[in-house]
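Structural overview for review
The primary structure of each chain is shown beneath.
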Amino acid sequence: MNSPRLVLASASPARLALLRQAGLAPEVIVSGVDEDALSAPTPSALARVLAEAKATTVARRAEAAGALVVGCDSVLELDGRPLGKPADAEEATARWKDMRGRSGVLHTGHCVIDTRTGGAEGTRRSVTASTTVHFGEPTDEEIAAYVASGEPLHVAGAFTLDGRSGPFVDGIEGDHGNVLGLSLPTLRRLLREVGVAVTDLWAER
């Protein structure tokens, strides 16, 4: 029996790298979902809604037929507010000055749709995984240099663990992959719920 195709409904290089490092070989189909057009009552729920929207949008496309589609999206919660990608450098600077010395919760929504069992309406499972992030206290000069690099404008919460802001994060509580954009243990559980073992998706060596 051939292994099912795996499609990642995300343009995130970090998510793609995590899957590849885990022995998977996903195809990438970017959803193009307008994240600003969606809402939910809590940051955790918003992350799940966004992930479901991405996965559903891609699952409806002909090129995703017969595949397992994985959608993910991350939202940082600080003071009960959902924080996605900052709109500009000014917002990124203000956000970092607000985050430093404090802790936030990074929520990543995960959605798996098995299009082999009914196309976009096939078997699906979704959930949000959450990780607490303890931010350090970068100086104003360090924040300015980080924002000038452009990196925080492209990531949820305006930070990454595996990039230039790594030195500004004192620690986390939970799955580090979740902070990078995809929790591998969470994905494994969702795949099991749709009847697929993650080991069945390992690429040939």
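Quick caveat, the model's predicted, so the values are computed rather than measured. (Residues numbered from 1 in each chain as written. Predicted model: local features only at pLDDT ≥ 70, side-chain atom pairs only at ≥ 80, totals over all residues. Heavy atoms only, no water.)

What about the side chain of S126?
- Within the secondary structure layout, S126 lies in strand 6 (residues 123-135).
- Look at S126 and you get buried, because its relative accessible area is 15%.
- Only 2.5 Å separates the side chain of S126 from the side chain of E52, close enough to count as a polar contact.
- Residue contacts for S126: discarding those within four places in its chain leaves R48, E52, H110, C111 and L190. (Helix = DSSP H or I, 4+ residues; strand = E, 2+ residues; numbered from the N terminus. Buried < 20%, exposed > 50% of the residue type's maximum accessible area, 1.4 Å probe, protein only. Polar contact = N/O pair within 3.5 Å; in protein donor to acceptor, adjacent residues only side chain to side chain. Contact = heavy atoms within 4.5 Å.)

A look at helix 6 (residues 184-193)
- Within helix 6 the residues assigned to the buried category are T186, L187, L190 and L191. One face of helix 6 carries all of its buried residues, which in axial projection span an arc of 135°.
- For helix 6, the elements touching its buried residues are helix 1 (13-21), strand 3 (67-78), strand 5 (103-114) and strand 6.
- Taken from the residues just after helix 6, G195 is the one with a positive phi, measuring 90°. (Arc of directions from axis to C-beta.)

Quick look at the packing of aromatic side chains
- Applying the stated criterion across every chain yields a total of five aromatic pairs.
- For the pair W96 and F168, a centre-to-centre distance of 5.8 Å together with 75° between the ring planes defines the contact as edge-to-face. Of this pair, W96 sits in helix 3 (residues 89-99) while F168 sits in the loop between helix 4 (140-148) and strand 7 (169-173), placing them 72 residues apart in sequence. For the residue pair W96 and F168, the accessibility class agrees, reading buried in each case. (Phe/Tyr/Trp six-rings, centres within 6.5 Å; stacked < 30°, edge-to-face > 60°.)

Quick word on the pairing of strand 3
- Judged by how many residues are buried, strand 3 sits mostly within the fold: 11 of 12 residues are covered.
- Looking at chain direction, strand 3 and strand 5 are connected through 10 bridges and run antiparallel. Its bridge partner lying in strand 5, V70 is registered against V112.
- Relative to strand 4 (residues 81-83), strand 3 runs antiparallel, the two sharing three bridges. Bridging from a neighbouring strand, L76 pairs with L83 of strand 4.
- The hairpin turn running from strand 3 into strand 4, its antiparallel successor, is two residues long, and D79 in that turn takes a positive phi close to 55°. (Pairing = 2+ DSSP bridges.)

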